[in-house]
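Next come the chains, spelled out residue by residue.
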Amino acid sequence: MKANKHTLRALSLLLQYPDAQLRQLLPRLPDAIDAEGALPAGRRAEIRALVDAMQRTDAIELETRYVDLFDRGRATSLHLFEHVHGDSRDRGPAMVDLVKHYEAAGLDLGAQELPDHLCVVLEFASTQPPAAAREFLGEMAHILNAIFSALRQRDSAYATVLAAVLELAGQRPEAVPVPPDEPLDASWAEPVAFDGCSVRGQAAPGQPRPVHVVRRSASQSQGVRA
């Protein structure tokens, strides 16, 4: 099996917020991917075209497009557990388990890093032997396909990066049904005063919202423990 650590790291960088530091690195990423040869030639050409387009785009516009694409809707979120657990209580334990998995392999996350962000996942995979990285990424192929499909639905060139990750996972990118995103105005609406509790609309885009409490109806409350 071909080495893929440089390809995985390059893909991780491509999915990060395109600030000035990343924009300086952009020209080197397609070359690193080409040199390793872990992806098909056609996919490498698409990634090079994406990078070329990013370099031609005004910096502010590039950053704005990134935020609009990845931080303003669940369907294209790069936080993988957002697609599985959403705002449920299961997300916290899943995060803890993933951190333990990283730590067992010798990877310590920074204080600001969320373990389920795809960039972090790819960075971790890049530290593993190719077969182990392939198996690890293959376990989340259904989530990757969902994000890939949502990006294709938006005609985003970033879809080729998700397709590349799927190929490194030994999977074929395929379109799957994409549920409609909740309208942004609704997802950021403030809770009605004195009508239960909710943290929706009170967290920054892309940040975990582990608590979502709503008022029980009278019929639900009788004889049922929370």
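Residues numbered from 1 in each chain as written. Predicted model: local features only at pLDDT ≥ 70, side-chain atom pairs only at ≥ 80, totals over all residues. Heavy atoms only, no water.

Q: Please provide a residue-by-residue account of the packing of aromatic side chains, values included.
A: One pass over the full model with this rule turns up six aromatic pairs. Here Tyr-102 and Phe-124 contribute two aromatic rings whose centre-to-centre distance is 4.7 Å and whose plane-to-plane angle is 40 degrees, an arrangement assigned as tilted. You can see Tyr-102 sitting in helix H7 (residues 91-104) and its partner Phe-124 sitting in helix H8 (residues 118-126), a full 22 residues away along the chain. Grouping residues by exposure puts Tyr-102 and Phe-124 together as buried. (Phe/Tyr/Trp six-rings, centres within 6.5 Å; stacked < 30°, edge-to-face > 60°. Helix = DSSP H or I, 4+ residues; strand = E, 2+ residues; numbered from the N terminus. Buried < 20%, exposed > 50% of the residue type's maximum accessible area, 1.4 Å probe, protein only.)

Q: Residues and numbers for the pattern of salt bridges, please.
A: Inspection of the entire model under this criterion finds nine salt bridges. A salt bridge links Glu-123 to Arg-9; its shortest N-O distance comes to 3.9 Å. With Glu-123 in helix H8 and Arg-9 in helix H1 (residues 5-14), this pair connects stretches of sequence that are 114 residues apart. Classification of Glu-123 by relative accessible area gives partly exposed; the value is 34%. A relative accessible area of 32% means that Arg-9 is categorised as partly exposed. Here Arg-48 makes a salt bridge to Asp-34, at a shortest N to O gap of 2.6 Å. In this pair, Arg-48 is assigned in helix H4 (residues 41-56) and Asp-34 in helix H3 (residues 28-36), connecting sequence segments 14 residues apart. (Salt bridge = Lys/Arg side-chain N within 4 Å of Asp/Glu carboxyl O.)

Q: Please provide a residue-by-residue account of the side chain of Asn-145, values included.
A: The residue Asn-145 is located in helix H10 (residues 141-153) in this model. Beyond its immediate stretch of four places on either side in the chain, Asn-145 contacts Leu-166, Arg-172, Pro-173, Glu-174 and Val-176. (Contact = heavy atoms within 4.5 Å.)

Q: With reference to specific residues and values, describe the nonpolar core.
A: Grouped together as the largest cluster of nonpolar side chains are 51 residues, with contacts concentrated most on Leu-11, Leu-14, Leu-15, Leu-118, Phe-136, Leu-137 and Tyr-158. Considering each element in turn, this core owes the most residues, eight residues, to helix H11 (residues 159-168). (Core = buried A, V, L, I, M, F, W, Y, C linked by side-chain atoms within 4.5 Å.)

Q: Let's hear about unusual backbone geometry: which residues, and what values?
A: With a phi close to 55 degrees, Asp-155 is a non-glycine residue in the positive phi region. If you trace the backbone, Asp-155 turns up in the loop between H10 and H11.

Q: Which residues make up the packing of H1 against H8, and what are the values?
A: Contact geometry for H1 and H8: axes closest at 8 Å, N-to-C directions at 165 degrees. Looking at the two axes, H1 sits roughly antiparallel to H8. Once H1 is placed against H8, the crossing between them reads as left-handed. Contacts between H1 and H8 involve Lys-5, Leu-8, Arg-9, Leu-11 and Ser-12 from the former and Cys-119, Leu-122, Glu-123, Ala-125 and Ser-126 from the latter. (Axes fitted to C-alpha atoms, helices over the stretch in contact; angles between N-to-C directions. Parallel < 35°, antiparallel > 145°, perpendicular 65-115°, else oblique. Left-handed = near helix turned anticlockwise from the far one by under 90°.)

Q: Go over the packing of H3 against H4 with me, naming the residues and quoting the values.
A: Two numbers describe how H3 lies on H4: the axes approach to 9 Å, and their chain directions differ by 170 degrees. By the criterion of interaxial angle, the relationship of H3 to H4 is roughly antiparallel. Between H3 and H4, the residues in contact are Pro-30, Asp-31, Ile-33 and Asp-34 and Arg-44, Ile-47, Arg-48 and Val-51, respectively. Taken together, the residues of the contact of H3 with H4 break down into four nonpolar, no polar and four charged. (Nonpolar A, V, L, I, M, F, W, Y, C, P; charged D, E, K, R; others polar.)

Q: I'd like a rundown of H10, residues and numbers included.
A: If you check H10, its first and last C-alpha atoms are 18 Å apart, about what 13 residues at 1.5 Å a residue would give, namely 18 Å. Considered for burial, the residues of H10 that qualify are Ala-141, Ile-143, Leu-144, Asn-145, Ile-147, Phe-148, Ser-149, Ala-150 and Leu-151. In the core, the buried residues of H10 are packed alongside helix H5 (59-70), helix H6 (80-84), H8, helix H9 (130-138) and H11. One or two steps after H10, the chain reaches Asp-155, where phi turns positive at roughly 55 degrees. (Expected span 1.5 Å × (residues − 1).)

Q: Can you lay out the confidence of the model for the protein for me, pointing to particular residues and giving the numbers?
A: Should the pLDDT be low somewhere, the predicted coordinates at that spot are not to be read in detail. The predicted model of the protein has a mean per-residue pLDDT of 80, with 75% of residues at 70 or higher. The model gives residues 187-226 a pLDDT under 50, and that stretch makes 47 contacts with residues more than four places away or in other chains. (pLDDT = per-residue confidence, 0-100.)

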